[in-house]
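Each chain, letter by letter, is given below.
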Amino acid sequence: MDYKLQMVGVQSNLEMGSLDERSTHEFEDESLFSPEAGVKMQPIHAVEQGLYPVGLLAARGNSYTNIVRRSIKTVVFSNKLNLLMPFGPLAILIYKLTGHKGWVFFLTLMGITPLAERLGYATEQLAFFTGPTVGGLLNATFGNATELIISIYALKNGMMRVVQLSLLGSILSNMLLVLGCAFFCGGLVFYRKEQVFSKATAVVNSGLLLMAVMGLLFPAVLHYTHTEVHFGKSELALSRFSSCIMLLAYAAYLFFQLKSQQDLYVPINEEGSPNGESSDDDDEVPEISKWESIIWLSIMTIWISILSEYLVNALEGASVAWNMPISFISVILLPIVGNAAEHASAIMFAMKDKLDLSLGVAIGSSTQISMFGIPFCVVVGWIMGRPMDLNFQLFETATLFITVIVVAFFLQEGTSNYFKGLMLILCYLIVGASFFVHEDPDARGRT
């Protein structure tokens with residue numbers, strides 16, 4: 001019994017001692033960080049005197065290192081397509097050593113492909129923090145960043161025709177190939193039912209695309225009918241005026257989307273009304289934080305800008321080396337690479353039965369290129385002193401006009417299935433074959 005009492009007394013003394021040490025540490029912590037303590041100790045002096053836990057600083061440094069390591073692992077090493085990333089530096093190396101334009105163009109094209117896809121991934125992660133409407137706009141905007149960067153470098157080099165053809169190809173690729181693949185893949189996954197989307201959104205986008213066609217059609221008609229008041233000047237003046245009007249219309253469209261109609265990208269149910277019920281897919285969480293997404297977007301955009309300069313410089317040499325028309329390279333090859341982000345996003349959303357988001361990416365991207373990208377390049381060329389205009393020539397303008405009409409007919413019912421997607425893909429193959437046998441006399445740029 002005495003032995004047990006002695007053990008209880010020793011244990012109580014130990015507990016009292018631990019309490020005293022805990023209170024001492026708490027007092028020291030308060031003296032370091034509490035405003036009520038008379039003198040604040042600087043962290044460096046606290047570390048030197050042994051009052052600040054050195055392990056806390058080391059843990060903080062390790063946490064930043066772990067965040068960077070985890071972010072790189074998630075963004076860079078999580079996709080097999082990123083195996084193509086080393087082709088970018090390899091293209092620059094070959095350009096410096098040999099100057100072979102064909103290989104430089106090919107390797108640069110391969111190097112930009114995963115960057116465009118990762119640009120779309122970072123945009124999707126950022127969309128978790130912005131909501132569906134802003135997220136759809138971000139997907140369309142950064143999805144088109146590759147084409148706009150390439151266009152600005154081509155405009156700087158005086159290759160106005162390449163700018164026109166690449167932007168036209170981006171519109172055709174988004175409307176036929178990207179949307180067609182989204183309809184086709186979504187239709188295969190949900191083959192027992194027809195997927196539905198908002199007809200109101202489709203009608204608004206179709207109207208804007210028709211307005212863009214009108215803006216491109218009149219300068220071409222003015223040119224080919226030889227009815228210009230001032231030959232060589234009226235066409236350019238009309239293009240610049242129409243571009244300003246189109247930019248104004250696109251700004252009004254953004255206000256309409258973000259302020260007046262904020263539920264344009266809210267998925268709808270089979271009855272055609274907004275679906276307010278959350279599904280299992282809506283419980284997805286972002287894989288990287290908001291600031292990580294912004295940092296990765298900046299890194300990818302800068303790297304794409306660097307590679308785009310080499311791509312544009314090697315374009316004409318690649319056309320000669322491959323014996324392939326520049327029109328085909330500009331309209332078909334460049335947009336397929338630039339639209340990698342839209343392609344992946346639209347298919348992914350369609351396979352999750354979020355067809356309104358697929359439509360927002362594919363048709364929204366076409367709308368943005370036609371109503372913002374093209375007139376923006378005209379205005380930038382105006383500032384640079386380059387005669388960039390909206391006369392895309394008769395063959396190209398007719399192709400765009402027919403494409404817009406076909407897609408508008410496919411969208412008018414507000415439903416989709418794999419057959420509609422297959423038809424759009426086959427239409428794109430016809431367009432590709434047409435440009436493969438079409439030799440554009442002005443493809444080297446008009447100065």
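Residues numbered from 1 in each chain as written. Predicted model: local features only at pLDDT ≥ 70, side-chain atom pairs only at ≥ 80, totals over all residues. Heavy atoms only, no water.

- As recorded by an unreviewed UniProt entry, the protein carries the name Vacuolar cation/proton exchanger and is attributed to Tripterygium wilfordii.
- Comment text from UniProt for the protein, heading Subcellular location (unreviewed entry), reads "Vacuole membrane".
- Quoted verbatim from the Function (unreviewed entry) field of the UniProt record, the comment on the protein reads "Vacuolar cation/proton exchanger (CAX). Translocates Ca(2+) and other metal ions into vacuoles using the proton gradient formed by H(+)-ATPase and H(+)-pyrophosphatase." (UniProt positions renumbered as here; feature names shortened; annotations may be inferred.)

## Some thoughts on the side chain of Ser206
1) Next: Position of Ser206 relative to the elements: it lies in helix α9 (residues 199-224).
2) Next: Setting aside residues up to four positions removed in sequence, Ser206 forms contacts with Ala408 and Leu411. (Helix = DSSP H or I, 4+ residues; strand = E, 2+ residues; numbered from the N terminus. Contact = heavy atoms within 4.5 Å.)

## Description of helix α16 (residues 394-411)
1) Next: Along its 18 residues, α16 runs 26 Å from first to last C-alpha, staying within 8% of the 26 Å computed at 1.5 Å per residue.
2) Next: Listed as buried for α16 are Glu396, Thr397, Thr399, Leu400, Thr403, Val404, Val407, Phe410 and Leu411. Projected down its long axis, α16 carries its buried residues within an arc of 155 degrees, all on one side. In α16, the exposed positions that point more than 90 degrees away from the buried face belong to Leu394, Ile402 and Phe409. (Expected span 1.5 Å × (residues − 1). Buried < 20%, exposed > 50% of the residue type's maximum accessible area, 1.4 Å probe, protein only. Arc of directions from axis to C-beta.)

## Here's the deal with the packing of helix α8 (residues 160-189) against helix α17 (residues 418-436)
The relative placement of two packed helices is expressed as an angle between their axes plus a distance between the axes.
1) Next: One can describe the packing of α8 onto α17 by two numbers: an axis separation of 7 Å at closest approach and a directional angle of 150 degrees. Classified by the interaxial angle, the pair formed by α8 and α17 is roughly antiparallel. At the point where α8 passes α17, the crossing takes the left-handed sense.
2) Next: Split by residue class, the contact of α8 with α17 holds 18 nonpolar, four polar and one charged. (Axes fitted to C-alpha atoms, helices over the stretch in contact; angles between N-to-C directions. Parallel < 35°, antiparallel > 145°, perpendicular 65-115°, else oblique. Left-handed = near helix turned anticlockwise from the far one by under 90°. Nonpolar A, V, L, I, M, F, W, Y, C, P; charged D, E, K, R; others polar.)

## So, the packing of aromatic side chains
1) Next: Per the counting criterion, the structure on display carries nine aromatic pairs.
2) Next: Arranged with centres 5.3 Å apart and planes meeting at 20 degrees, the rings of Phe372 and Phe376 form a pair that is stacked. Taken as a pair, Phe372 and Phe376 lie in helix α15 (residues 355-384) at a separation of four residues, close to a single helical turn.
3) Next: The exposure class assigned to Phe372 is partly exposed, which follows from its relative accessible area of 28%.
4) Next: The exposure class assigned to Phe376 is partly exposed, which follows from its relative accessible area of 29%.
5) Next: An aromatic cluster of at least three residues, connected via ring pairs, comprises Tyr250, Tyr253, Phe372 and Phe376.
6) Next: The ring of Tyr121 is capped by Arg118, whose NZ or CZ atom sits 4.2 Å from the centre of that ring. (Phe/Tyr/Trp six-rings, centres within 6.5 Å; stacked < 30°, edge-to-face > 60°. Lys NZ or Arg CZ within 6 Å of the ring centre and 35° of its normal.)

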